[in-house]
Amino acid sequence: PFSAVESFDLTSVTDIVHSMFGPEADARGSRFRYVPPPHQVQSDPLILMRMGSNLVSNALNHSGATAIRLGSCLRGEFIHLYVADNGKGMEADDMARFIRHGERGQGSTGEGLGLAFVHEAAANLGHRVLIRSRPGKGTVVFLTLEPSP
């Protein structure tokens, strides 16, 4: 279990993720759009940064995307941190498979740990993960976070 849950400004995490991957996206000719989120959340900032990094890394390295977005939105009482791409997308059975440790897409050189880690960490932190994907259109992964009290 994670014990470093605290209230913090979500930009303290997303700014780092953006700065980590912005230059790589530029070098690959991909557009990486980032809108700093105006939200205070309740989570473990280090683990949340790793989750966001895994999602952006997947979009850059495995989706074939030319455009990636990192942002957030308020839906009801929850904050949704999201990573969206215009890559190749995934079939429903692939999405279910990729949340298991060691499962990779065809031709992937990754370790098959990214989405599995995101799901496991979200469960440990009491967050939810929602993946929406359309083959040939792209993928959006939402992390549902509790706002700070």
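The preceding data block contains the structure.
As the structure is a prediction and not an experimental result, all values here were calculated from the model.

Thresholds, definitions, all that
- Residues numbered from 1 in each chain as written.
- Predicted model: local features only at pLDDT ≥ 70, side-chain atom pairs only at ≥ 80, totals over all residues.
- Heavy atoms only, no water.
- Buried < 20%, exposed > 50% of the residue type's maximum accessible area, 1.4 Å probe, protein only.
- Helix = DSSP H or I, 4+ residues; strand = E, 2+ residues; numbered from the N terminus.
- Pairing = 2+ DSSP bridges.
- Salt bridge = Lys/Arg side-chain N within 4 Å of Asp/Glu carboxyl O.
- Expected span 1.5 Å × (residues − 1).
- Polar contact = N/O pair within 3.5 Å; in protein donor to acceptor, adjacent residues only side chain to side chain.
- 1 Å grid on protein atoms, 1.4 Å probe; cavity = no way out; pocket = protein on both sides within 12 Å on 5 of 7 lines; lining within 4 Å.
- Points joined across faces, edges and corners; volume = space filled by probe spheres on them.
- Nonpolar A, V, L, I, M, F, W, Y, C, P; charged D, E, K, R; others polar.
- Bend = angle between axes of the 7 residues up to and from the residue.
- Contact = heavy atoms within 4.5 Å.

### Examining the pairing of strand E2 (residues 31-34)
Move 1: Every second residue of E2 is oriented toward a common face, the buried set being Phe 32 and Tyr 34 and the non-buried set Arg 31 and Arg 33.
Move 2: As judged from the four bridges shared by E2 and strand E4 (residues 67-75), these two strands associate in the parallel manner. Bridge pairing in E4 links Phe 32 to Ile 68.

### A short note on the pattern of salt bridges
Move 1: Counting across every chain of the model gives one salt bridge.
Move 2: Residues Glu 24 and Arg 28 are paired through a salt bridge, measuring 2.8 Å at the closest nitrogen-oxygen approach. In this pair, Glu 24 and Arg 28 are both assigned in helix H1 (residues 11-28), four residues apart and thus about one turn of the helix distant.
Move 3: Since its relative accessible area comes to 26%, Glu 24 is described here as partly exposed.

### Regarding helix H2 (residues 45-62)
Since the α-helix packs 3.6 residues into each turn, any two residues three or four apart lie on the same face.
Move 1: Spanning 18 residues, H2 covers 25 Å between terminal C-alpha atoms, matching the ideal 26 Å at 1.5 Å per step.
Move 2: Buried within H2 are the following residues: Ile 47, Leu 48, Met 49, Met 51, Gly 52, Ser 53, Leu 55, Val 56, Ser 57, Ala 59 and Leu 60.
Move 3: Regarding H2, its N-cap is Asp 44, as a side-chain oxygen of that residue lies 3.0 Å from the backbone nitrogen of Leu 46 further along.

### With respect to the layout of surface pockets
If a probe as big as a water molecule is rolled over the atoms, it shows which places are left empty.
Move 1: Its volume calculated, the second largest pocket comes out at about 180 Å³.
Move 2: Around the second largest pocket, the lining is made up of 16 residues, and of these Ala 67, Arg 69, Ala 84, Asp 85 and Asn 86 lie nearest the centre.
Move 3: Looking at the lining of the second largest pocket, its residues break down into five nonpolar, four polar and seven charged.

### Focus: H1
Move 1: With 18 residues, H1 should cover 26 Å at 1.5 Å per step; its first-to-last C-alpha distance of 25 Å lies within 8% of that length.
Move 2: Along its length, H1 reaches its greatest deviation from straightness, about 35 degrees, at Phe 21, and the proline Pro 23 lies no more than four positions downstream.
Move 3: Burial in H1 covers these residues: Thr 11, Val 13, Thr 14, Val 17, Phe 21, Gly 22 and Ala 25.
Move 4: Where H1 is buried, its residues contact strand E1 (6-9), E2, H2, E4 and strand E5 (78-85).
Move 5: Looking one or two residues past H1, Gly 29 carries a phi angle of roughly 80 degrees, positive in sign.

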